[in-house]
Amino acid sequence: MWTAGVKPHPVLAASDLPLNERGRLTATPRLTVEGTEHAWTAGDAAAVPDLTAPEKGKECAPNAQHAVRQAKVLAENILASLRGEPLKNYEHKYVGSVASLGLHRGVAHVYGRKLKGYPAWLMHRTYHLSRVPTFNRKARVLAEWTLAGLFKREIVSLGSLEHPRAEFELAAGGKPPKTK
Ligand SMILES: Cc1cc2nc3c(=O)[nH]c(=O)nc-3n(C[C@H](O)[C@H](O)[C@H](O)COP(=O)(O)OP(=O)(O)OC[C@H]3O[C@@H](n4cnc5c(N)ncnc54)[C@H](O)[C@@H]3O)c2cc1C
């Protein structure tokens, strides 16, 4: 069940760049902003044409699957443009979705096959672990998940749930809020 929306950052409206009806920057398949030469865009802020969609006029959904892949193509295209080489189109076919619905429960729709319950939850965890960058970070996350499965919830960090800005304010030289 999804109760949050995804919308582009309002700062885009303060630019004179072309926006679509949802406030996303109108992008070309090469991830340049439509009608400009040196402005680039990707991710949630960008309405990138979905070249793999059966119907014309569809745009890539605002999700991390597209954002991380578009970032790579965007970087390659900026480099290619600086070198005077041809730019490539962003193209990624949707292969599926996985979602956790709490501990050991999930749903998955991958390569046309639907799964639910524990196998879907495990697939969700495995997929996200595969996306975590560097072996070091993967090992730390896996160790943390394994420990969390063996022991009770870690309560030391609960303060940061109640006052998530406190550490940042402290680091920025401000006074942290009083805790009870
Ligand atoms: C609750 C929730 C759950 C989600 N779950 C999934 C999921 O399971 N799978 C999935 O694929 N996608 C999921 N998404 C969508 C996914 O998080 C986004 O599509 C993805 O993060 C987009 O990446 P991005 O780099 O375009 O934008 P962001 O990740 O939003 O990055 C934009 C960055 O720009 C910074 N920024 C903004 N304004 C300024 C400024 N003026 N100056 C400097 N920096 C600025 C922001 O702080 C932020 O760090 C979820 C989104 C939400 C909200």
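Up top you'll find the structure we're talking about.
The rules behind these values
Residues numbered from 1 in each chain as written. Predicted model: local features only at pLDDT ≥ 70, side-chain atom pairs only at ≥ 80, totals over all residues. Heavy atoms only, no water. Helix = DSSP H or I, 4+ residues; strand = E, 2+ residues; numbered from the N terminus. Core = buried A, V, L, I, M, F, W, Y, C linked by side-chain atoms within 4.5 Å. Buried < 20%, exposed > 50% of the residue type's maximum accessible area, 1.4 Å probe, protein only. Contact = heavy atoms within 4.5 Å. Near = heavy atom within 4 Å. Polar contact = N/O pair within 3.5 Å; in protein donor to acceptor, adjacent residues only side chain to side chain. Areas by Shrake-Rupley, 256 points an atom, 1.4 Å probe, with all protein chains shown as cover.

(A) Spatial organisation of unusual backbone geometry. Even without a glycine there, the phi angle at H104 is positive, about 65°. For H104, the position within the fold is in the loop between β3 (96-100) and β4 (106-110). Positive phi is not limited to glycine here, since T134 has a value of about 70°.

(B) Region of interest: the nonpolar core. Formed by A27, L31, A46, V48, C60, V73, L74 and Y90, the largest nonpolar core amounts to 8 residues. Not counting the four nearest positions on each side in its chain, A46 is found in contact with R24, L25, A27 and T41.

(C) The site of the ligand, seen in detail. Near the ligand, the surroundings consist of 9 residues, among which G43, D44, P62, N63 and A64 are the closest. Contact between the ligand and H9: a nitrogen atom at 3.4 Å from a side-chain N or O atom of the residue. A distance of 3.4 Å separates an oxygen atom of the ligand from a polar atom in the backbone of N63. Protein contacts shield 35% of the accessible area of the ligand, which totals 990 Å² for the unbound molecule.

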